[in-house]
Amino acid sequence: MEPIIVPIEKVRANNYNPNNVSENNMQLLLQSIQDNGFCFPVVTVYDPDEEVYVIVDGFHRYSIFKDYLEAKELPIVVLEQNIAQRMASTVQFNRARGVHQVELMGDLVKAMIEQGVEDEEIAKHLGMDLEEVFRLKQITGIAELFKNQSYSKSWVIEEVPDEV
């Protein structure tokens, strides 16, 4: 693989990708690119008839570069594939990413807390809301993860008049 840099206006989306990403995950992808740089080039094929690079994998990275960062250029890799191979590759790339296991995410949150990372920073950099961070802290079963948290009373005693 040999990544190249091309003008972003020479890159186009394909018309068959079934993958959809929530706005929350788009924000996480933007945060990842800002934190880590652009680590994975967009995978494309060259369409000589249109004289453009058609995306096989990386549409959301392309969207971040184009729409959020307003970049003029994009790092890509060019494959030599026919349309059937491209379609299969798109699904393979999408499905091969896997999903996060809750227990392992809890362990990750625990390790970050032990490194002194605040809940808000964990939420920001892992694309979570604070409630999800708290739930992941709970599944680890470690009381010290909550030692600096403030708690409200779970219920309040009230006087209720006797009804006759």
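Remember, predicted model here, so these are calculated numbers, not experimental data.

Now for helix α2 (residues 59–68). The complete set of buried residues in α2 reads His60, Arg61, Tyr62, Ser63, Ile64 and Phe65. Residues of α2 that are buried make contact with β2 (11–12), α1 (23–36), β3 (42–47), β4 (52–57) and β5 (73–79). With its phi angle positive at about 50°, glutamate 70 sits one or two positions after the end of α2.

It is worth spelling out the sheet that holds strand β1 (residues 4–7) at this point. Spatially, five strands are ordered β1-β5-β3-β4-β2 in an open sheet, and the strand pairing comes out mixed. Each edge of the sheet is formed by a strand with only one pairing partner; in this case those strands are β1 and β2. Taken together, the two bridges between β2 and β4 define a ladder with parallel strand orientation. Each bridged residue has a counterpart across the sheet, and for valine 11 the counterpart in β4 is tyrosine 53.

Inspection of the secondary structure assignment puts serine 63 in helix α2. Setting aside chain neighbours within four positions, we find serine 63 in contact with Met26 and Tyr68.

Time to look at the packing of aromatic side chains. For the structure on display, the rule yields three aromatic pairs. Taken together, a centroid distance of 4.3 Å and an interplanar angle of 50° make the contact between phenylalanine 38 and phenylalanine 65 tilted. Taken together, the residues span a long stretch of sequence, with phenylalanine 38 in the loop between α1 and β3 and phenylalanine 65 in helix α2 at a distance of 27 residues. Exposure remark for phenylalanine 65: the relative accessible area of 12% places this residue in the buried category.

It is worth spelling out the pattern of salt bridges at this point. Throughout the structure, instances matching the rule amount to five salt bridges. The residue arginine 61 makes a salt bridge to aspartate 57 at a minimum N-O spacing of 3.6 Å. Each of the two residues, arginine 61 as well as aspartate 57, counts as buried. Of the charged contacts, one joins aspartate 67 and lysine 66 as a salt bridge, the two residues approaching to 3.5 Å between their closest N and O atoms.

At their nearest, the axes of α1 and helix α5 (residues 119–126) sit 8 Å apart, and the two run at 100° to each other. Here α5 runs roughly perpendicular to α1, going by the angle between their axes. Note on element contacts: α5 touches α1 through Lys124, His125 and Leu126, opposite Leu28, Gln31 and Asp35. Of the residues assigned to the contact of α1 with α5, the class counts are two nonpolar, two polar and two charged.

Core analysis: the largest hydrophobic core is formed by 14 residues, its most contacted members being Val11, Val42, Tyr62, Leu74 and Ile76. Going through the elements one at a time, α1, β4, α2 and β5 are the ones with two or more residues in this core. With nine residues, the next largest nonpolar core counts Val109, Ile113, Ala123 and Val133 among its residues.

Every buried residue of α5 is accounted for by Asp119, Ile122 and Ala123. Looking straight down α5, one finds that the buried residues subtend no more than 100° of arc, so they occupy a single side. Elements in contact with the buried residues of α5: α4 (102–114) and α6 (130–139). Positive phi appears at glycine 127, one or two residues downstream of α5, with a value of about 70°.

Conventions we followed
- Residues numbered from 1 in each chain as written.
- Predicted model: local features only at pLDDT ≥ 70, side-chain atom pairs only at ≥ 80, totals over all residues.
- Heavy atoms only, no water.
- Buried < 20%, exposed > 50% of the residue type's maximum accessible area, 1.4 Å probe, protein only.
- Helix = DSSP H or I, 4+ residues; strand = E, 2+ residues; numbered from the N terminus.
- Contact = heavy atoms within 4.5 Å.
- Pairing = 2+ DSSP bridges.
- Phe/Tyr/Trp six-rings, centres within 6.5 Å; stacked < 30°, edge-to-face > 60°.
- Salt bridge = Lys/Arg side-chain N within 4 Å of Asp/Glu carboxyl O.
- Axes fitted to C-alpha atoms, helices over the stretch in contact; angles between N-to-C directions.
- Parallel < 35°, antiparallel > 145°, perpendicular 65-115°, else oblique.
- Nonpolar A, V, L, I, M, F, W, Y, C, P; charged D, E, K, R; others polar.
- Core = buried A, V, L, I, M, F, W, Y, C linked by side-chain atoms within 4.5 Å.
- Arc of directions from axis to C-beta.

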